[in-house]
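Single-letter residue listing:
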Amino acid sequence: MSLPDEPITGTARPVLRVDGLNAGVAGGGRALREVSFEIPRGETVALVGESGSGKTLTCRAVLGLLPPAVAIESGTVTLGSGESAVDLTGARPATWRRLRGTRLAAVFQDPGSYLNPSLTIGYQVAEQLRVRGNTGRRAARDRSLELLREVGIHDAERVERLYPFQLSGGMLQRVLIAIAISLGPELLIADEVTTALDTVVQAEILDLLERLQRSQRLSLLLVTHDLAVVARMSHRVLVMYAGELVESGPAEEVLRHPRHPYTQALLRVASLGDWSRRTLETIDGQPPAAAAEITGCRFAARCAHSAPGCTDGVIPLRAAGPAHFARCIRDRVAA
Ligand SMILES: Nc1ncnc2c1ncn2[C@@H]1O[C@H](COP(=O)(O)OP(=O)(O)O)[C@@H](O)[C@H]1O
Ligand SMILES: [Mg+2]
């Protein structure tokens, strides 16, 4: 059941709307709790949070690709709005086949594992166009060369003849981005697409995503550990902690005036360097397992400001400013 004050509401024509999503784990417990957000058309929404907080599951729930042990219990995922709206909750396999790659597409962390090792790059880019886009063989090849150039592969004629093992991680990620945008999706989900890459290549791939987002008016759900990337690339930010969104709002506003103590801690740690592989060392304790049942605030055990009311019951998201929400009962907590 969604709360009336869920984050990022009221967007005129969102490309994606997730409403009150709960996902259960086999054997008990929940990995996602009351997750609600919208992605406005042509905007980048960043999703941040420590490892294990539920970012990838959120992406996979949107894509209909949850692992077998995780299932949606309640809530809705809607792609598009108005006449083009499709309810993805409980969509049939045929609907998913029709939508994935065409209206929504995704790129993940480990590009090597998403390409067929025994087929050339050119074949795999063109295949999507031929099979899904009903493009003729010749036109598909021309378009695939164009797409490879569009993602910054200048010697496309050479690269199209190569096999995946002959390309670096950064080049593979470019190829996967080319495939992802090939049929003009409304929504692109990019889940830690630069995590496995060298710093220089990371910056190039992020530049590429930013350029594509702007030139194609893509809506981008960008999962990242890098708050500098959030500041530079995203319009809005969602902060996730132990399976729950704890803060959301315009990126600039959230980064400047974080309201939730967890967001404040993230920002403090981010200023000390990469926190992707670590838990927040500046605050005591570990995040609870996503599935752990906790009454009240899931961050309370680690929060320097925790008070008796924090563990009494459900903590709703509260307005912290225009389109800015935080799941904290305190009116103002100093950063
Ligand atoms: N395949 C799975 N089976 C069971 N539980 C899972 C599975 N994948 C993820 N989870 C649970 O969901 C939590 C969130 O995972 P994930 O979304 O991958 O985190 P993140 O992407 O934020 O690092 C994990 O900590 C784990 O408890
Ligand atoms: Mg992940």
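As shown above, the structure is provided for reference.
These figures come from a predicted structure and were not determined experimentally. (Residues numbered from 1 in each chain as written. Chains lettered and ligands numbered in written order. Predicted model: local features only at pLDDT ≥ 70, side-chain atom pairs only at ≥ 80, totals over all residues.)

Peer 1: Just to check I follow, could you spell out the overall build of the protein chain for this structure?
Peer 2: Check the secondary structure of the protein chain and you find 10 helices and 12 strands. Dimensions of the protein chain, computed from C-alpha atoms along their principal axes, come out at roughly 70 × 45 × 40 Å. For the protein chain, the residues scored as buried account for 45% of the 335 residues in total. Looking at the protein chain alone, contacts between residues at least 24 apart form 65% of all its contacts between residues at least 6 apart. (Helix = DSSP H or I, 4+ residues; strand = E, 2+ residues; numbered from the N terminus. Buried ≥ 20, exposed ≤ 12 C-beta atoms within 10 Å, placed from the backbone. Contact = placed C-beta atoms within 7 Å.)

Peer 1: I tried to follow the site of ligand 1 on my own but got confused; where do I start?
Peer 2: Ligand 1 sits among 16 residues. The nearest are Gly52, Lys55, Thr56, Leu57 and Pro67. Looking at the shell around ligand 1, the element that brings in the most residues is helix 1 (residues 55-63), giving three residues. (Near = placed C-beta within 6 Å.)

Peer 1: How do you make sense of unusual backbone geometry when you look at a structure like this?
Peer 2: The bulk of non-glycine residues show a negative phi, and the bulk of peptide bonds are trans. A positive phi angle, close to 50°, is found at Asn134, a residue other than glycine. With respect to the element layout, Asn134 can be found in the loop between helix 3 (121-131) and helix 4 (137-150). On the basis of neighbour count, Asn134 is assigned to the exposed category, with 8 C-beta atoms found within 10 Å. Even without a glycine there, the phi angle at Glu192 is positive, about 50°. Within the secondary structure, Glu192 is located in the loop between strand 7 (187-191) and helix 7 (199-215).

Peer 1: Would you take a moment to explain the pairing of strand 10 (residues 244-250) for this structure?
Peer 2: Every other side chain in a regular strand lies on the same face of the sheet, so the side chains alternate between the two faces. In terms of residue burial, strand 10 counts as a mostly covered element, since six of its seven residues are buried. As judged from the six bridges shared by strand 9 (residues 236-241) and strand 10, these two strands associate in the antiparallel manner. By the bridge assignment, Met240 is partnered in strand 10 with Leu245. Remark: two residues form the turn of the hairpin made by strand 9 and strand 10, two consecutive strands paired antiparallel; Ala242 in that turn has positive phi of roughly 45°. Here strand 10 runs beside strand 12 (residues 324-326); their pairing, made up of two bridges, is antiparallel. Its bridge partner lying in strand 12, Glu247 is registered against Ala326. (Pairing = 2+ DSSP bridges.)

Peer 1: How do you make sense of the packing of helix 6 (residues 169-181) against helix 7 when you look at a structure like this?
Peer 2: For any two helices packed against each other, one specifies the crossing angle of their axes together with the interaxial distance. At a minimum axis separation of 10 Å, helix 6 and helix 7 run at an interaxial angle of 15°. Here helix 6 lies roughly parallel to helix 7, going by the angle between them. Handedness of the crossing formed by helix 6 with helix 7: right-handed. Across the interface between the two elements, Gly170, Gln173, Arg174, Ile177 and Ile181 of helix 6 pack against Val201, Glu204, Ile205, Leu208 and Leu212 of helix 7. (Axes fitted to C-alpha atoms, helices over the stretch in contact; angles between N-to-C directions. Parallel < 35°, antiparallel > 145°, perpendicular 65-115°, else oblique. Left-handed = near helix turned anticlockwise from the far one by under 90°.)

Peer 1: Would you mind showing me how to read the pairing of strand 4 (residues 70-79) here?
Peer 2: Sheet topology note: the strand 1 (residues 14-25)/strand 4 ladder contains eight bridges and is antiparallel. Within strand 4, the residue paired with Val18 across the bridge is Val77. As paired elements, strand 4 and strand 5 (residues 86-87) share two bridges and run antiparallel to each other. For Leu79, the partnering residue across the bridge sits in strand 5 and is Val86. The turn joining strand 4 and strand 5, which pair antiparallel and follow one another in sequence, is formed by six residues; a positive phi near 75° is taken by Gly80.

Peer 1: Can you help me understand the environment of Leu212 in this one?
Peer 2: If you trace the backbone, Leu212 turns up in helix 7. Classification of Leu212 by C-beta neighbours within 10 Å gives partly exposed; the count is 19. For the pair Leu212 and Ile177, spaced 35 residues apart in the sequence, the C-alpha separation amounts to 9.7 Å. If sequence neighbours within four positions are ignored, Leu212 has contacts with Ile181 and Leu218.

Peer 1: What exactly am I supposed to notice about the packing of helix 3 against helix 4 here?
Peer 2: Interhelical geometry of helix 3 versus helix 4 gives an angle of 120° and a closest axis separation of 8 Å. In terms of axis orientation, helix 3 runs oblique to helix 4. Between helix 3 and helix 4 lies a crossing of right-handed hand. Note on element contacts: helix 4 touches helix 3 through Arg137, Ala140, Arg141, Arg143, Ser144, Leu147 and Leu148, opposite Gly122, Val125, Ala126, Leu129 and Arg130.

Peer 1: Even after reading the chapter, I still don't get the nonpolar core, so can you show me in this structure?
Peer 2: A general trend in soluble globular proteins is that nonpolar side chains are found buried together. Ranked by size, the top nonpolar core spans 89 residues in total, and within it Ala46, Val175, Ala190, Leu221, Leu238 and Val239 carry the most contacts. Per-element tally for this core: the top contributor is helix 6, with eight residues. Sequence-distant contacts of Ala46, defined by excluding residues within four places in its chain, comprise Leu222, Thr224, Val230, Ser234, Val237, Leu238 and Ala251. (Core = buried A, V, L, I, M, F, W, Y, C linked by C-beta atoms within 7 Å.)

Peer 1: It is not clear to me how helix 1 should be interpreted in this structure. Could you clarify?
Peer 2: Every α-helix winds through 3.6 residues per turn, so residues three or four apart in the chain are directed the same way. Taking burial as the measure, the nine residues of helix 1 include seven buried ones, the bulk of the element. Restricting attention to buried positions, one finds in helix 1 the residues Lys55, Thr56, Leu57, Thr58, Cys59, Ala61 and Val62. Looking one or two residues past helix 1, Gly64 carries a phi angle of roughly 70°, positive in sign.

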